[in-house]
Amino acid sequence: MRLNTLAFCTAMGSVLALATPPAMAQAPETPAGREALTVLQEAVAIPTVQGRGQVPVLAAKLKARLLDAGFAEDEVTFVPQGETGYLLARYPGRDRKAPVTAIIAHMDVVEAKPEDWERDPFTPVIEDGYLFGRGSLDNKAGLSIVTATMMKLRREGWVPAHDIVLGFSGDEETQMATTAAMASAIVHEAGKVDLVLNADSGGGTLDEAGEPFVYEVQAGEKTYADYKLTLTDPGGHSSRPGATNAIAAMSAAMEKIWAYKFPVTVSPLTKAYFEGSVEAAPAEVAPAMRALIADPTDAKAAATLSARPEYIGLIRTTCVPTMIEGGHAPNALPQSVSANVNCRIFPGTSRAKVQETLAQVIADPAITIAFQDNGTLESIESPLRADVMEAVEVAVHERAPGLSIVPGMSAGATDSMHFRSKGIPAFGVSAVFMDPKDEFAHGLNERLPLATLDPAVKQWETLLRTLLK
C-alpha cells in the first residue's frame with residue numbers, strides 16, 4: 001500500500017462525473033462497472049487483515065468468479081502461505097512462448113477498529129456517492145476493477161498478443177512474503193516476464209472543482225523502513241522520581257524526530273513529475289513547483305509543497321513516530337520503553353544512512369535503534385517504456401482528453417519492488433481518479449467514489465487492448 005500512490009498524485013475519480021459533486025454521482029451503469037462494484041462489496045466484507053486467515057476466503061471467491069467468466073480450472077491457482085497466500089490466474093494469448101505481462105494487486109488490508117469508525121469498516125456501505133469500508137480504496141478497488149475487466153475480456157473472447165498473468169498477493173500491507181513468493185513463482189512458471197502493471201499505484205488527481213489535472217504513471221517508489229527505538233532504566237517506586245524517566249526521555253526523542261526535516265531532494269523522476277503537472281496544478285502550488293524545479297534548495301517552495309499531503313512525500317525522506325509502548329505498572333517508574341519510527345526514504349538514500357541520521361537527531365546514546373526487517377527492499381526505479389506510455393495515453397485520453405500524463409514516484413511501498421528487484425520493469429497504472437482530500441487509505445472511513453468504476457474498467461480494457469493488440 002499505499003499512502004497517496006504518489007503522494008505525487010494518488011487519487012482518482014470519473015471523468016464522466018468530474019464536475020458532479022460526489023453526492024450527485026451515479027452508481028455504475030455498465031455491466032462491467034456493476035460487476036466491479038459487486039466484487040468490491042464482496043471483497044470489503046471479508047476482513048483480510050493480518051492474523052484473521054481470511055485471504056484464502058477472498059481468493060476462493062475471486063477464483064469462482066474467474067472460472068464463471070471462462071477461465072479454465074488449471075489456469076487459476078491459489079497458493080497458501082501460512083494463514084494467507086497468493087492467487088495466480090493465467091490468461092492465454094496468441095503467442096504462448098512470448099514473455100508475459102503480469103498484472104498485480106493485493107488482497108489484504110490494514111487493520112481497522114470498528115469503534116473508531118462512523119460505519120463498520122468491514123460492512124460495505126454506499127452513501128453520498130461513495131462506497132465506504134476498509135480496503136475500498138487500498139487496494140480492493142484496483143483488485144475488483146482488474147478482476148471485472150479480465151472477466152469482461154474473457155467473456156468477449158479477446159485474445160491478447162501473449163499471455164497475461166494475474167497475481168494477487170496476500171500480505172502486501174505487512175511482511176510481503178507472499179509478494180516475494182508470487183514474483184518468483186510468476187517468473188519461474190512464465191519463463192520470462194517483461195512487464196508488470198500494478199493496480200495499486202499511479203492514477204489520476206482531481207482538483208478542488210472535481211476536474212482532473214494530472215495522471216501519474218508510477219515508475220518508482222520510496223523505500224519503506226521501520227526502526228525500533230528502545231530505552232531501559234532501573235525504574236523504581238513512582239513516589240521517588242529520580243533524574244531520569246524512560247518514557248519522558250523517549251518522548252523527547254520522538255519530539256526531535258517529529259520536528260526534524262530531511263533535506264529536500266529532487267530526482268529526475270520527481271522533476272519530470274513536477275514539470276509535467278505544473279501547468280495544470282492548483283494556482284496556490286504551481287509557483288512552488290516551478291521554484292523547486294529551478295532551485296531544489298528553495299526553502300519557501302519546499303515549505304509550500306510540504307504543507308500539502310499530496311506533495312510532502314515527493315520532495316524528501318520522511319520519518320514519523322507511529323507506535324510507542326512502555327511502563328509496567330501505574331505506580332512504578334518505567335523500566336523500559338520502545339517506539340516505532342516509520343520512514344519513507346527517498347531513492348538513492350540507504351536505510352543504514354537514515355538510521356545514522358535518526359541517531360544524530362535524538363542525540364541520546366542510551367536509546368538503541370534497530371532496523372526492523374519486514375520483507376521490503378530498497379528502491380529501484382523503472383526506466384520508462386514508450387509502448388507503455390503510449391498505451392496509457394490512449395486509455396487515459398479516451399477518458400480525459402488532453403490530460404497531462406507524467407511519470408511519478410510513490411510515497412508508499414507497493415508490490416512492484418519485488419519485480420523491479422528482479423530487473424522487471426513495473427508501472428503503477430491505477431484507473432482511480434480522486435481529490436487527494438478524499439483519500440483515506442489506511443485511515444478512518446476509507447472510501448471510493450462510485451463514479452470511478454465505469455470509466456476505470458474501460459480504461460483498463462483500452463490499455464490492455466492497445467498494449468497487447
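Only a predicted model underlies this, so the values are computations on that prediction, with no experimental measurement involved.

K.L.:
Before we move on, can you summarise the overall build of the chain with the specific residues and values?
P.N.:
When helices and strands are tallied, the chain shows 13 helices and 19 strands. A compact globule built from 469 residues should have a C-alpha radius of gyration of about 23 Å, and the chain, at 23 Å, falls within 12% of that. In terms of overall dimensions, the chain has a C-alpha envelope of 75 × 50 × 45 Å along the principal axes. Classification of the 469 residues of the chain by burial places 56% in the buried group. Residue pairs in contact within the chain that sit at least 24 positions apart in sequence constitute 80% of those at least 6 positions apart.

K.L.:
Give me the lowdown on empty space enclosed by the protein, citing residues and values where you can.
P.N.:
Summed over the entire model, instances satisfying the criterion amount to two cavities of 30 Å³ or more. Roughly 50 Å³ of internal volume is contained in the largest cavity. As for the largest cavity, its lining consists of E221, K222, L377, E378, S379, I380, M417 and R420. When the residues that make up the lining of the largest cavity are grouped by side-chain class, the tally is three nonpolar, one polar and four charged. Each pocket or cavity is described by its volume, and for the second largest cavity that value is around 30 Å³. Residue lining of the second largest cavity: Y215, V392, A395, V396, V429, Q459 and L463, and that is the complete set. Where the lining of the second largest cavity is concerned, the elements lending two or more residues are α11 (386-399) and α13 (453-467). Among the elements that take part in the lining of the second largest cavity, α11 stands out by supplying three residues, more than any other. Broken down by class, the residue content of the lining of the second largest cavity amounts to six nonpolar, one polar and no charged.

K.L.:
Before we move on, could you go through the sheet that holds strand β19 (residues 447-449) and cite the residues and values that matter?
P.N.:
Spatially, the three strands line up as an open sheet ordered β4-β5-β19, and their pairing is antiparallel. Single-partner strands in this sheet number two, and they are β4 (125-127) and β19. Along the sheet, successive strands turn relative to each other by an average axial angle of 25°, direction set aside. In this structure, strand β5 (residues 130-132) lies alongside β19, joined through three bridges in antiparallel fashion. For L131, the partnering residue across the bridge sits in β19 and is L448. Those strands touched by helix α1 (residues 31-44) are β4, β5 and β19, and its axis lies near 20° from that of β5.

K.L.:
A description of helix α10 (residues 351-362) should follow, citing residues and the corresponding values.
P.N.:
When the terminal C-alpha atoms of α10 are compared, their 17 Å separation across twelve residues agrees well with the 16 Å that a helix rising 1.5 Å per residue should span. As for α10, its buried residues are in contact with β10 (223-232), α5 (246-259), β12 (318-326), β14 (336-345) and β15 (368-372). Note on α10: the residue one or two positions beyond its end, A363, has a positive phi of about 50°.

K.L.:
Tell me about the packing of aromatic side chains, and name the residues and values.
P.N.:
Counted by the stated rule, this structure contains eight aromatic pairs. Consider the rings of F71 and Y91, whose centres lie 5.7 Å apart with planes at 85°: the pair is edge-to-face. Of the two residues, F71 sits in the loop between α2 (55-68) and β1 (76-81) while Y91 sits in strand β2 (residues 84-91), which places them 20 residues apart along the sequence. There is no split in this pair, since F71 and Y91 are both buried. By way of ring pairs, the aromatic residues F71, Y91 and W158 are connected into one cluster. Positioned above the aromatic ring of Y130 is the side chain of R447, whose terminal nitrogen or guanidinium carbon lies 4.0 Å from the ring centre.

K.L.:
Can you break down unusual backbone geometry residue by residue, with the values?
P.N.:
The omega torsion across D138 and N139 is -10°, close enough to zero to call that bond cis. Looking at the element boundaries, N139 is found in the loop between β5 and α3 (140-155). One non-glycine residue with positive phi stands out, namely M176, at about 60°. The phi angle at H442 is positive, at roughly 70°, despite the residue not being glycine.

K.L.:
Please provide a residue-by-residue account of the state of the cysteines, values included.
P.N.:
By definition, a disulfide is the covalent link that joins the sulfur atoms of two cysteine residues. Evaluated as defined, the whole model comprises one disulfide. Each sulfur in the disulfide pair C319 and C343 lies 2.1 Å from the other. Because the torsion about its S-S bond is 115°, the bridge between C319 and C343 counts as right-handed. Separated by 24 residues along the polypeptide, C319 in strand β12 and C343 in strand β14 bring together distant segments of the chain. Using a relative accessible area of 0% as the deciding quantity, one classes C343 as buried.

K.L.:
Just give me the short version of the nonpolar core, but keep the residues and values in it.
P.N.:
Of all hydrophobic cores here, the largest spans 71 residues; its most connected members are I103, M107, M150, F168, L197 and W460. Among the elements that make up this core, the one with the highest residue count is α3 (eight residues). Within the second largest apolar cluster, 22 residues are counted, among which are A253, I257, F262 and V354.

Rules of the game
Residues numbered from 1 in each chain as written. Predicted model: local features only at pLDDT ≥ 70, side-chain atom pairs only at ≥ 80, totals over all residues. Heavy atoms only, no water. Helix = DSSP H or I, 4+ residues; strand = E, 2+ residues; numbered from the N terminus. Rg over C-alpha atoms; globule rule 2.2 N^0.38 Å. Buried < 20%, exposed > 50% of the residue type's maximum accessible area, 1.4 Å probe, protein only. Contact = heavy atoms within 4.5 Å. 1 Å grid on protein atoms, 1.4 Å probe; cavity = no way out; pocket = protein on both sides within 12 Å on 5 of 7 lines; lining within 4 Å. Points joined across faces, edges and corners; volume = space filled by probe spheres on them. Nonpolar A, V, L, I, M, F, W, Y, C, P; charged D, E, K, R; others polar. Pairing = 2+ DSSP bridges. Axes fitted to C-alpha atoms, helices over the stretch in contact; angles between N-to-C directions. Expected span 1.5 Å × (residues − 1). Phe/Tyr/Trp six-rings, centres within 6.5 Å; stacked < 30°, edge-to-face > 60°. Lys NZ or Arg CZ within 6 Å of the ring centre and 35° of its normal. Disulfide = S-S within 2.5 Å. Core = buried A, V, L, I, M, F, W, Y, C linked by side-chain atoms within 4.5 Å.

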